[in-house]
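# Descriptive structure summary
The chain contents come next:
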Amino acid sequence: MGPHPAVAAIRLAVRRVLHDILTDQSRLSRTTGERAGGRITARLARPVGDIPEQSPNERTSSPLVLVACSGGADSMALASALAFEAPKLGVRAGGITVDHGLQPGSDLRAEEVVLRLRELGLDPVESITVTVGRDGGPEAAARDARYAALDAALERHGGTAILLGHTRDDQAETVLLGLARGSGIRSLSGMAAVSGADGRYRRPFLQLDRQTARKACMVQALPVWDDPHNADPAYTRSRLRHEGLPALEKALGKGVVEALARTAQLSRDDADALDTWASQAEASVRDATGLLECAKLYALPPAVRRRILRRAAIQAGAPAGSLFARHIEEVDRLITGWRGQGAINLPGKVVAQRQGGRLVIRQG
């Protein structure tokens, strides 16, 4: 008799992602080998099946995949699946929990998570305490601190990737939050299955719902921790989860979460295509000195033109996370609605202004 369907689903999702990671490693090894004259030295991925006993040196050279675990149902289900699947593929598996220090007893909770991860057989396992700032609001500040800690942990342990437990429900919430901000198609595309520098962040559960992860924990008798912040109406995502989405399902019927997740994937495909188009078109709208020519920008479709403007602002020093659609629309009006208006101030002390038919974007 096989595992419970929920357990089988989470394991299959993790197995697929591990195969992807190993395939990427193998491709990188081949590329490196070709550049070195054909000498491929990195260990290639092994197929599923019986894995020969590894020597200590081989175990050390195996890719290390970490799971980011808060102790909640989603990340505990992910940790259990990684612990089960990784040894089959010759992959080392470890775990990281981040203590944001935002609740009394958070340090004790982090210690408990470390113990649970070690009981699953993960190694290395580490708890990291971070200081959460205030920039962008409490949710954004906590997220920034968390990802900075995870990046540092991956580098410190020499890891290849970090698995994150975001589910289809999280994806639906992210799409709605992007829609509320009016941030454009890239925001509607939600979270990517692969993101971060070198594709280090992987989200195996984006096609699975939250209940599947919780059920998998229950049938495996895995203790989980429910973060009280997830039910606190002071947080926007919490209100959306407990009030907004249920209201939408009541008004529109079941299937809203699935539809929003599908919208995210379609939006991501469109956004990727437009980004590629903008990247290819950018060289054609710059003059010999590298300045953007307004007439040539005007001839481009708005979606392509605004992507070029956004990229130019970021290259000039505007923080991507603080650069919103309204900023780019103001810069765009220097091209489409030119009436002799003055410079546009952007985040990061960046200034955009029109001079002699050229658009100059630089530090002010």
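Scroll up to find the structure.
What comes next is a walk through the structure. Residue numbers run consecutively from 1 along every chain, following the written order of its sequence. Owing to the predicted nature of the model, reporting of local features is limited to residues with pLDDT of at least 70; listing and counting of side-chain atom pairs is limited to 80 or more, with chain, interface and lining totals taken over all residues. The basis for the side-chain values is all heavy atoms of the structure; hydrogens and waters are excluded.

## Considerations on the pairing of strand S2 (residues 92-99)
Put simply, the rule is: Relative accessibility thresholds used throughout: buried, under 20% of the residue-type maximum; exposed, over 50%; partly exposed, between the two (1.4 Å probe, protein chains only). Secondary structure counts use DSSP, requiring at least four H or I residues in a row for a helix and at least two E residues in a row for a strand, with both numbered from the N terminus. Two strands pair if DSSP finds at least two bridges between them. Here a crossover is taken to be right-handed if, once the strands point away from the viewer, the path from the first strand over the helix to the second is traced clockwise.
The buried fraction of S2 is high, at 7 of 8 residues. The pairing of strand S1 (residues 64-68) with S2 spans 5 bridges and is parallel. Directly across from Val67, in S2, lies its bridge partner Gly95. Assessed by its sense of winding, the connection that carries the chain from S1 through helix H3 (residues 73-85) to S2 is right-handed. Across 5 bridges, the pairing between S2 and strand S3 (residues 125-129) is parallel. Bridging across to S3, Ile96 finds its partner in Glu126. With helix H4 (residues 106-119) bridging S2 and its parallel neighbour S3, the resulting β-α-β unit is right-handed.

## Considerations on the sheet that holds S1
Note the cut-off: Residue contacts are defined here by distance: any two heavy atoms, one from each residue, within 4.5 Å place the two residues in contact. Comment: axis = line fitted to C-alpha atoms, over the contacting stretch for helices; angle = value between 0 and 180 degrees taken between N-to-C directions.
Pairing is mixed in the open sheet, where 6 strands are placed in the order S3-S2-S1-S4-S6-S5. Whereas interior strands pair on both sides, the edge strands pair on one side only; in this sheet they are S3 and strand S5 (194-195). Taken together, the 2 bridges between S5 and strand S6 (residues 201-202) define a ladder with antiparallel strand orientation. Pairing of Val194 across the sheet is with Arg202, part of S6. Taken strand by strand, H3 contacts S1, S2 and strand S4 (161-163), and its axis lies near 160° from that of S1.

## Some points on the sheet that holds strand S10 (residues 358-363)
Strand order in the open sheet made by the 4 strands is S7-S10-S9-S8, with antiparallel pairing throughout. Across the chains shown, the open sheet's two edge strands, defined by having one partner strand only, are strand S7 (292-293) and strand S8 (344-346). One ladder, built from 6 bridges, connects strand S9 (residues 350-355) with S10; its direction is antiparallel. Paired with Ala352 across the two strands is Ile361, which belongs to S10.

Treat this as a map of the structure, not an account of what it does.
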